[in-house]
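# Working through the structure, step by step
So the chains spell out like this:
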Amino acid sequence: MQPQINEPAAPERKRIFSAIQPSGMLTLGNYLGALKNWKDMLDDYDCVYSVADLHAITVRQEPAKFRRQVLETFALLMAVGIDTEKGTLFIQSSVPEHAQLAWILACNTQFGELARMTQFKDKSASHADNINAGLFTYPSLQAADILLYNAHLVPIGADQKQHLELSRTIAERFNHFYGPVFTVPEPYIPKMGAKVMSLQDPAKKMSKSDANQNAYIALLDPPEVIVRKLKRAVTDSETEVRCAEGKDGINNLMTIYSCVTGKNLKEIEAEFDGRGYGEFKAAVGEAIAEELRPVQRRFSEYMSDKGALEKIYREQAEKARYTASRTLAKAMKKVGFIR
Ligand code: TYM
């Protein structure tokens, strides 16, 4: 029998889909905005997660480095706690149905809709020498990712909300013209941690592509590096640890501390009452390092056995293809392709 994604066992469970690009090392922003939720949702939902390597080549990649990054991202997701017994975790390019459906959906996406995407505008500005067609049609591929699995919910950080809204529009448009095929997905954006900001410029989101390494925490940063980056984090000229307008740096650190420790903002204010920024920053650094320690240990274990890792990603791709191929066949039939 073909492997399946929990279909007969738990048909009543809602399906989740999300993906992450393997472009450079993942950050604390990825972890708090998305990955922590991905892990927490495994018990209650039928989860399908992907390493979005097709999306990553919209920016020029060096092949050997790219191959390594895809593998490391896969291992890191497992290390974060994405258990492949409970859910599905696969490499996007191993499931060719993504590229196939993306074409059909691109033909159902308007030029004007794509031109409005802020990520397209930002990336065209930062990669002015390579504004390729893939960068422009990127959201049609993202819609294909989600719609192939008929996902109900998509756990993402706030920056992906616009893409998700376009995925919904594309699904509705297709269903309207050709008949019901796709589930229209809802975003799932966490209340805390949806937008973790840069440690050096709290007006900007924390990003793995930031040229200044002090601006982000990479999930594989050693504990002493994490503590040092926190010490250097930009705050303000006051001394009181409290959440308030205009205190973007402190607000960001309080949010991070809250996500990592589970304490709410009031409890954090009470804990650091009269203690100043220095002590607070040290505590945030320690808490992050503590949270990431087991992730880093598991990552090294997974990376030390590439054979075992390969076996897992091959099996997982098979599992994903079972569902993806069925949805694609349905969509192609509706469009009128001869099968
Ligand atoms: P990517 O790879 O940029 O980011 C992966 C996830 O991390 C979240 N994130 C953040 N959350 C909070 N604070 C931050 N500073 C921060 N930085 C990143 C993102 O919101 C995202 O949830 N296009 C997507 C990948 C993708 C995808 C999909 C997502 C491809 N197909 C289908 C959902 C569904 C991207 O580039 O995410």
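So, a few notes on the structure that sits alongside this text. (Residues numbered from 1 in each chain as written. Predicted model: local features only at pLDDT ≥ 70, side-chain atom pairs only at ≥ 80, totals over all residues. Heavy atoms only, no water.)

Turning our attention to the site of the ligand. If you check the shell around the ligand, you find 26 residues, and the closest are Gln 21, Tyr 138, Asp 145, Asp 159 and Val 196. In the model, an oxygen atom of the ligand is placed 2.9 Å from a nitrogen or oxygen of the Gly 157 main chain. Here Val 196 contributes a backbone N or O atom positioned 2.8 Å from a nitrogen atom of the ligand. Burial of the ligand by the protein amounts to 97% of the accessible area it has alone, namely 710 Å². Among the elements of the structure, strand 1 (15–20), helix 1 (28–41) and helix 7 (133–148) are those that each provide at least two residues to the shell around the ligand. Per-class residue counts for the shell around the ligand are 12 nonpolar, 10 polar and 4 charged. (Near = heavy atom within 4 Å. Polar contact = N/O pair within 3.5 Å; in protein donor to acceptor, adjacent residues only side chain to side chain. Areas by Shrake-Rupley, 256 points an atom, 1.4 Å probe, with all protein chains shown as cover. Helix = DSSP H or I, 4+ residues; strand = E, 2+ residues; numbered from the N terminus. Nonpolar A, V, L, I, M, F, W, Y, C, P; charged D, E, K, R; others polar.)

Here we come to empty space enclosed by the protein. Across all of its chains, the model carries 1 cavity of 30 Å³ or more by this definition. Its volume calculated, the largest cavity comes out at about 50 Å³. In terms of lining, the largest cavity is formed by Met 117, Gln 119, Phe 120, Leu 135, Tyr 138, Pro 139 and His 163. Counting only elements with at least two residues in the lining of the largest cavity, the list comes to helix 6 (118–126) and helix 7. Residues of the lining of the largest cavity, tallied by class, amount to 5 nonpolar, 2 polar and no charged. (1 Å grid on protein atoms, 1.4 Å probe; cavity = no way out; pocket = protein on both sides within 12 Å on 5 of 7 lines; lining within 4 Å. Points joined across faces, edges and corners; volume = space filled by probe spheres on them.)

Membership of the largest hydrophobic core comes to 61 residues, with the highest contact counts inside it found for Leu 35, Tyr 49, Leu 77, Ile 256, Phe 280 and Ile 288. Those elements that place two or more of their residues in this core are strand 1, helix 1, strand 2 (46–51), helix 3 (63–80), strand 3 (88–91), helix 9 (223–231), helix 10 (248–261) and helix 12 (276–303). With 11 residues, helix 12 is the largest single contributor of residues to this core. Each of domain 1 (15–188 + 306–335) and domain 2 (213–302) gives at least three residues to this core. Apart from the residues lying within four places of it in its own chain, the contact partners of Ile 288 are Leu 28, Ile 217, Ile 226, Leu 230, Ile 256 and Val 260. (Core = buried A, V, L, I, M, F, W, Y, C linked by side-chain atoms within 4.5 Å. Buried < 20%, exposed > 50% of the residue type's maximum accessible area, 1.4 Å probe, protein only. Domains from an automatic or database assignment. Contact = heavy atoms within 4.5 Å.)

You will see that Asn 150, though not glycine, has its phi angle at about 50 degrees, which is positive. Along the polypeptide, Asn 150 turns up in the loop between helix 7 and strand 4 (153–155).

Aromatic ring pairs: the centre-centre distance and the angle between the two ring planes describe each pair. Per the counting criterion, the structure on display carries 11 aromatic pairs. On the basis of an interplanar angle of 55 degrees and a centroid distance of 4.9 Å, the ring pair of Phe 174 and Phe 182 is categorised as tilted. Phe 174 gets classed as buried once you look at its relative accessible area, which sits at 0%. You can call Phe 182 buried: its relative accessible area is 5%. Ring plane angle 70 degrees and centroid distance 5.0 Å describe the contact between Phe 272 and Phe 280, whose orientation is recorded as edge-to-face. Through pairs of rings, three or more aromatic residues link up here, namely Phe 17, Phe 90 and Tyr 149. Geometry around Tyr 216 places Lys 229 over its ring, the cationic atom sitting 5.0 Å from the centre. (Phe/Tyr/Trp six-rings, centres within 6.5 Å; stacked < 30°, edge-to-face > 60°. Lys NZ or Arg CZ within 6 Å of the ring centre and 35° of its normal.)

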